[in-house]
Amino acid sequence: MRRFVIGEFTDPDDCVRAVLRLRGMGVEGLDAYTPYPIHGIDDALGLPRSTVPLVAITGGVIGAIGGYVMQAWMNGKDYPINVGNRPPHGFWTNIPITFESGVLLAVLSIFFSAIFKYFQLPRPYHPLFESERFRSASLDAFWVTVETEDEAAIPDLEQKLREVGAHKVHTVTEPA
Amino acid sequence: MAEPVLDVRRQLEGEPWVEGPIDDGILNKTLNHFVWKRPGRGWLMLFFLGLAGTAVLVNAIVITIARGIGMWGNNIPVGWAFGIINFVWWIGIGHAGTLISAILLLFQQKWRTSINRFAEAMTLFAVLQAAMFPVLHTGRPWFALYWLFPYPSVQRIWPQFKSPLMWDVFAVSTYFITSLLFWYLGLIPDLAALRDSSSSKRARKVYGIFALGWRGSSRHWHHYKIAYLLLAGLATPLVLSVHTIVSWDFALSILPGWHTTVFPPYFVAGAVFSGFAMVVTLMIPARRYMGLKHVITPRHIEAMCKVMLLTGLIVAYGYAMEHFAAWYSGNGYEEHVFFKTRAQGPYRFIYYLMLFCNICVPQLFWTRWGRRNIYAVWIAAVLINVGMWCERFVIIVTSLHQDFIPSNWAMYYPTWVDFSLLFGTICFFGTLFLLFLKYIPAVANYEMKEFHHELTHEKGLTELEGARP
């Protein structure tokens, strides 16, 4: 059963500072929930570099190669169309579609990998939604959360969150 | 000593991009106010008018499909007419949305934040209208699938990829999909905000489904930022490539008036020109009606006017170059198209209307009054839309109706079905847009909050610096 100890901040900079201090105290399972991406939180949480660009370039290269091969095979080999005795396989005339299919596959891979892999969405239910106050996380408040399995550690974590300046500190438990 | 420094600063920095006392809570309320409000009489009236116009569109489509494209005014030699004119016009309008959301993002033009959602929606709906025409103009849309897309059909033939028309299919479908996904990715955090600020259970559920369960975790934002930026980066070359490819539909043929190397840049500039005109046309009434004047300020309108002025000048240069090349080539057919058919022929009225709307009207934006007077800007924007439609008419119809052999010449007259399709798509576009304004936040909430935070942060710093002796 997962438990989330959560605390609210009204200023994004306080939120970043709090995360830094909590990490300094050795708290694990930290995350921050904010209405917009806030500056410095990536470093404060110690997140590694995002791998989205790798996904994008892989998708783009596969798309471009696929697009080119498709045209070369269809027009050059499988069903050559002779127009004015021009060579059935034309390099330059294949470029526009190669470019477009490269872009298309890059876009599709970015979008779907972001949704399914990086965000793990769609997930209409999450234990954090149990807290009505947490609704402000997408509106105008900045929440710092600590995820833990250990029930005994909760009072200590709540205390630590208050120490770094959080308001409305409380704990959300995933219903069994 | 500090005060004159601050004064100079204020003058250099210009007016604020966001007006009035504002914080995240106020932004939530004012930006989404229109979504939660009951639809007013004005909205309902426009919506039903739009629906009625959409009925005209449906009627025209049914007639076109049932009776064939003989119902259109097309003939030989004018085999391409309203269908392609409207296609190019709509696709061009779409370009402003991508320019605003992608190119301005990469150039860090922060003011785009207030208008990007709006402009992107316009792109989507405009491309949707545009896509209708190529499908309809095939006459038998149910065959269009294997004419246009390379899928393995029983006939075992493949499309001809050396044709710019095929490039167009790929360019437009890529453009539509990219615009849609980019728009939706930008929407997810705002849909979550709507879910979380909703007061009714049903709204919470519906917005909850579309928000996909977004929680705003920093671990997600971390990837989100880069994904959004990359999509913008990929949409940027699309702005240039789509209209370049559309222009190749013409430029790669040998018809006088089409066979010009200036076409790609001049088409792209024209697309951005008409797109910004459409954004302004829609935004001026919407910002007033929806109470968004504090985030879409006169300074935004002014900035858009400047873009229109710039692109309008590029378009004017394109016209000049076309005529120069025709004269300089010494080619009789080229000269005939530019100096006889267009300037003195039976369609000269549309030609001069085009010159007036696209070259004379935007000159208004040189003056501060012209950029500041809302009514003047709106009328100018509508005229530019008209002018850009005329441009496509001039390019397509005048070049085709008098080509190489006089015995081949014929006049083109559009029929009522042609006009219904044009009118109907405008209404359908309007209907979709009204639905968008009602159900989706028209200004990107989260980006606005981020922008506002940056502004106040910056202001705090500059005031500190200004106070320093």
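Residues take numbers from 1 onward in each chain, read along the sequence in its written order. By the order in which they are written, chains take letters starting at A while ligands take numbers starting at 1. Only residues with pLDDT of at least 70 are given local features in this predicted model, and only at 80 or more are side-chain atom pairs given and counted; all residues enter the totals for whole chains, interfaces and linings.

## What about the overall build of chain A?
- The helix and strand inventory of chain A stands at five helices and four strands.
- Listing every helix and strand of chain A by position from the N terminus yields β-α-β-α-α-α-β-α-β.
- In this description the radius of gyration comes from C-alpha coordinates, and the expected globular size is given by 2.2 Å times residues to the power 0.38. Taken over C-alpha atoms, the radius of gyration comes to 25 Å for chain A, far larger than the 16 Å a tight globule of 176 residues would show.
- Considering only C-alpha atoms, chain A reaches an extent of 80 × 35 × 30 Å along its principal axes.
- For chain A, buried positions account for 42% of its 176 residues. The helix and strand labels rest on DSSP assignments: H or I over at least four residues marks a helix, E over at least two residues marks a strand, and numbering proceeds from the N terminus. Neighbour density around each residue's C-beta defines its exposure: 20 or more other C-beta atoms within 10 Å make it buried, 12 or fewer make it exposed, and counts between make it partly exposed, where C-beta atoms are placed from the backbone.

## Concerning the overall build of chain B
- Looking only at helices and strands, one finds 17 helices and zero strands in chain B.
- Taking 23 Å as the expected radius of gyration for a compact globule of 469 residues, we find that chain B reaches 24 Å, a close match to that expectation.
- Referenced to the eigenvectors of the C-alpha coordinate spread, the extents of chain B come out at roughly 80 × 55 × 45 Å.
- For chain B, the residues scored as buried account for 47% of the 469 residues in total.
- Contact between two residues is assigned when their C-beta atoms, built from the backbone, lie within 7 Å. Nonlocal contacts in chain B, meaning residues at least 24 apart in sequence, comprise 83% of its contacts between residues at least 6 apart.

## Describing the interface of chain B and chain A
- Each partner contributes residues to the interface: chain B has 51 residues there, and chain A has 52 residues.
- Contributing elements (two or more residues each) for the side of chain B that touches chain A: helix H2 (24–36), helix H7 (164–197), helix H8 (201–211), helix H9 (218–251) and helix H17 (445–467) of chain B.
- At 17 residues, H9 of chain B tops the list of elements feeding residues into the side of chain B that touches chain A.
- Its residues assigned to classes, the side of chain B that touches chain A comprises 27 nonpolar, 16 polar and eight charged. Nonpolar residues are Ala, Val, Leu, Ile, Met, Phe, Trp, Tyr, Cys and Pro. Charged residues are Asp, Glu, Lys and Arg, and all others, Gly as well, are polar.

## Points about unusual backbone geometry
- For the bond running from Leu-121 of chain A to Pro-122 of chain A, omega is -5°, close enough to zero to count as cis.
- When you line up the elements, Pro-122 of chain A lands in the loop between helix H4 (91–118) and strand E3 (142–148).
- Note that the residue after Ile-76 of chain B, namely Pro-77 of chain B, is joined by a cis bond; omega there is 20°.
- Examined against the element boundaries, Pro-77 of chain B turns out to sit in the loop between helix H3 (41–67) and helix H4 (82–106).
- Even without a glycine there, the phi angle at Gln-120 of chain A is positive, about 55°.
- As for its position among the elements, Gln-120 of chain A is in the loop between H4 and E3.
- Taking the C-beta count within 10 Å as the criterion, Gln-120 of chain A has 14 such neighbours and is therefore assigned partly exposed.
- Phi at Gln-108 of chain B takes a positive value of approximately 60°, unusual for a residue other than glycine.
- By the secondary structure assignment, Gln-108 of chain B is in the loop between H4 and helix H5 (116–137).

## Topic: the pairing of E3 of chain A
All names here are of chain A.
- Of all seven residues in E3, five are buried, a share of seventy percent or more.
- Any two strands with at least two DSSP bridges between them are considered paired. Bridging between strand E1 (residues 3–9) and E3 involves seven bridges; their strand directions are antiparallel. In the sheet register, Phe-9 faces E3, and the bridge partner there is Phe-142.
- Pairing of strand E2 (residues 30–33) with E3, which is carried by four bridges, proceeds in the antiparallel orientation.

## Topic: the environment of His-39 of chain A
- Secondary-structure assignment places His-39 of chain A in the loop between E2 and helix H2 (41–45).
- Sequence separation of His-39 of chain A and Val-16 of chain A is 23 residues, and the distance between their C-alpha atoms is 8.1 Å.

## Examining the packing of H7 of chain B against H9 of chain B
All names here are of chain B.
- Axes here refer to lines fitted to C-alpha atoms; in helices the fit is confined to the stretch in contact. Angles between the N-to-C directions go from 0 to 180 degrees. At their nearest, the axes of H7 and H9 sit 9 Å apart, and the two run at 150° to each other. Considered as vectors, H7 and H9 are oriented roughly antiparallel to each other. The crossing of H7 and H9 is left-handed.
- Looking at side-chain class alone, the contact of H7 with H9 contains 19 nonpolar, four polar and two charged residues. Note on angle classes: values under 35 degrees are labelled roughly parallel, values over 145 roughly antiparallel, values of 65 to 115 roughly perpendicular, and the remainder oblique. Each crossing gets its hand from how the near helix is turned against the far one by less than a right angle, where anticlockwise is left-handed and clockwise is right-handed.

## A few points about the sheet that holds E2 of chain A
Residues and elements named next belong to chain A.
- Strand order in the open sheet made by the four strands is E2-E3-E1-E4, with antiparallel pairing throughout. At either margin of the open sheet sits one strand with a lone partner, and together these are E2 and strand E4 (167–173). Each neighbouring strand pair of the sheet contributes to a mean axis angle of 20°, computed without reference to strand direction.
- Seen against the sheet, helix H5 (residues 154–163) touches E1, E3 and E4 and runs at an angle of roughly 15° to E1.

## Things to note about the environment of Pro-88 of chain A
Residue and element names in this part refer to chain A.
- Position of Pro-88 relative to the elements: it lies in the loop between helix H3 (52–78) and H4.
- Pro-88 sits in the partly exposed class, given 15 other C-beta atoms within 10 Å.
- When the C-alpha positions of Pro-88 and Gly-102 are compared, they lie 22 Å apart, and in sequence the two are 14 residues distant.
- In contact with Pro-88, not counting residues within four places along its chain, are Asn-75, Gly-76, Pro-80, Ile-81 and Asn-82.

## A short note on the packing of H5 of chain B against helix H16 (residues 416–439) of chain B
Residue and element names in this part refer to chain B.
- Axis separation between H5 and H16 bottoms out at 10 Å; the angle between their running directions is 150°. Comparing the axis directions of H5 and H16 gives the class roughly antiparallel. The chirality of how H5 crosses H16 is right-handed. Side by side, H5 and H16 meet where Ala-121, Phe-125, Ala-126, Gln-129 and Met-132 of the first sit next to Thr-425, Phe-428, Phe-429, Leu-432, Phe-433 and Phe-436 of the second.
- Its residues placed into classes, the contact of H5 with H16 shows nine nonpolar, two polar and no charged.

## Structural notes on the confidence of the model for chain B
All names here are of chain B.
- Per-residue confidence for chain B gives a mean pLDDT of 88; residues scoring 70 or more make up 95%.
- The predictor attaches a confidence to each residue, called pLDDT, with possible values from 0 through 100. The secondary structure element of chain B with the lowest average pLDDT is helix H1 (residues 2–13), at 61, and the one with the highest is helix H13 (residues 348–360), at 95.
- Considering only residues more than four positions removed or in separate chains, one finds that residues 460–469, a stretch of pLDDT under 50, has seven contacts.
- On the interface metric, ipTM, the complex scores 0.93, and its pTM is 0.90.

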